[in-house]
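Given next are the chains, with one letter for each unit.
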Amino acid sequence: SVYVVSGTSIFSISVTGTFIFDGSTAEATSASGSVVTYVEGVTINSRSAYTSGASAYATTSVTYNGATLQKTVKLTCDKDGNLS
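Residues numbered from 1 in each chain as written. Predicted model: local features only at pLDDT ≥ 70, side-chain atom pairs only at ≥ 80, totals over all residues. Heavy atoms only, no water.

K.L.:
Would you mind showing me how to read the packing of aromatic side chains here?
P.N.:
By convention here, two paired aromatic rings are described through the distance between centres and the angle between planes. In the structure shown here, the tally under the stated rule is two aromatic pairs. Residues Y3 and F11 carry aromatic rings whose centres are separated by 5.3 Å and whose planes lie at 20° to one another, so their mutual orientation is stacked. Given the relative accessible area of 0%, F11 is considered buried. Residues Y50 and Y57 carry aromatic rings whose centres are separated by 4.9 Å and whose planes lie at 10° to one another, so their mutual orientation is stacked. (Phe/Tyr/Trp six-rings, centres within 6.5 Å; stacked < 30°, edge-to-face > 60°. Buried < 20%, exposed > 50% of the residue type's maximum accessible area, 1.4 Å probe, protein only.)

K.L.:
I would appreciate a short explanation of the environment of S34 in the present structure.
P.N.:
Its location among the elements puts S34 in strand β3 (residues 26–37). S34 sits 20 residues away from S14 along the chain, and the two C-alpha atoms are 5.5 Å apart. Setting aside its immediate chain neighbours within four residues, S34 contacts S12, I13 and S14. Reaching out from S34, the side chain makes a polar contact with the side chain of S14 at a distance of 2.8 Å. (Helix = DSSP H or I, 4+ residues; strand = E, 2+ residues; numbered from the N terminus. Contact = heavy atoms within 4.5 Å. Polar contact = N/O pair within 3.5 Å; in protein donor to acceptor, adjacent residues only side chain to side chain.)

And the structure:
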């Protein structure tokens, strides 16, 4: 997922998750995130990844031109193993 300011792509964040599912329930067992910056002057303040239920999350906070920008992405697995 890309964070865009005034038509300029500033950074992107993505999440990867590992899930277990059995046809009736699903659970996220691990999560990892990655951040890519596209312009000079972006400072990554923090980034983390975590799971909750059937979802994997990655979140980051960056500073650009004196502003703090934050973004969280989510990947969810349903009981049939479909990701969204």
